[in-house]
Amino acid sequence: MLITRTIEAIHQWLSGPPLTAQDRIRRDIAQESHKPFTNPMGGA
C-alpha cells in the first residue's frame, strides 16, 4: 500500500497541476510559436 501511494505521489508531482483542454491548447500553441518555420518542400 505504501509503494502504491509513493508511486502515485511521484506521478502527480512530475505531471504537475491538472490542465483543462483550453489550457493544453494554449500551452501547445505557445510551444509551437517558438519553433522556426521550415518549408516542407525545401524552398527558401
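For the structure, see preceding data.
Bear in mind the structure is a predicted one, so any value in this text is a computation, not a measurement.

Some thoughts on the overall build of the protein chain
The number of helices and strands found in the protein chain is two helices and zero strands. The buried share of the protein chain, taken over its 44 residues, is 0%. Carbon and sulfur atoms form 65% of the exposed surface of the protein chain, whose accessible area is close to 4,600 Å².

What about the pattern of salt bridges?
Pairs may arise between side chains of opposite charge once their charged atoms sit close together. Evaluation of the coordinates by the stated rule reveals two salt bridges. The closest approach of N and O atoms between Asp23 and Arg26, which form a salt bridge, is 3.9 Å. Of this pair, Asp23 and Arg26 both sit in helix α2 (residues 21–33), three residues apart, which is roughly one turn of the helix. For the salt bridge of Arg27 with Asp28, the shortest nitrogen-to-oxygen distance reads 3.5 Å. Accessibility expressed as a relative area gives 38% for Arg27, which makes it partly exposed.

Rules of the game
Per chain, residues are indexed from 1 in the order of the written sequence. In view of the model being predicted, local features appear only for residues whose pLDDT reaches at least 70, and side-chain atom pairs are presented and counted only at 80 or more, with totals across whole chains, interfaces and linings using the full set of residues. Side-chain descriptors were evaluated using all non-hydrogen atoms of the structure, hydrogens and water having been removed beforehand. Secondary structure elements follow DSSP: runs of H or I of four or more residues count as helices, runs of E of two or more count as strands, with numbering from the N terminus. For each residue, the accessible area found with a 1.4 Å probe, counting protein chains only, is set against the maximum for its type, and the residue is called buried under 20%, exposed over 50%, and partly exposed in between. To be clear on the numbers: accessible area is Shrake-Rupley with a 1.4 Å probe, and residue cover counts the displayed protein chains and nothing else. The working definition used for a salt bridge is a side-chain nitrogen of Lys or Arg within 4 Å of a carboxyl oxygen of Asp or Glu.

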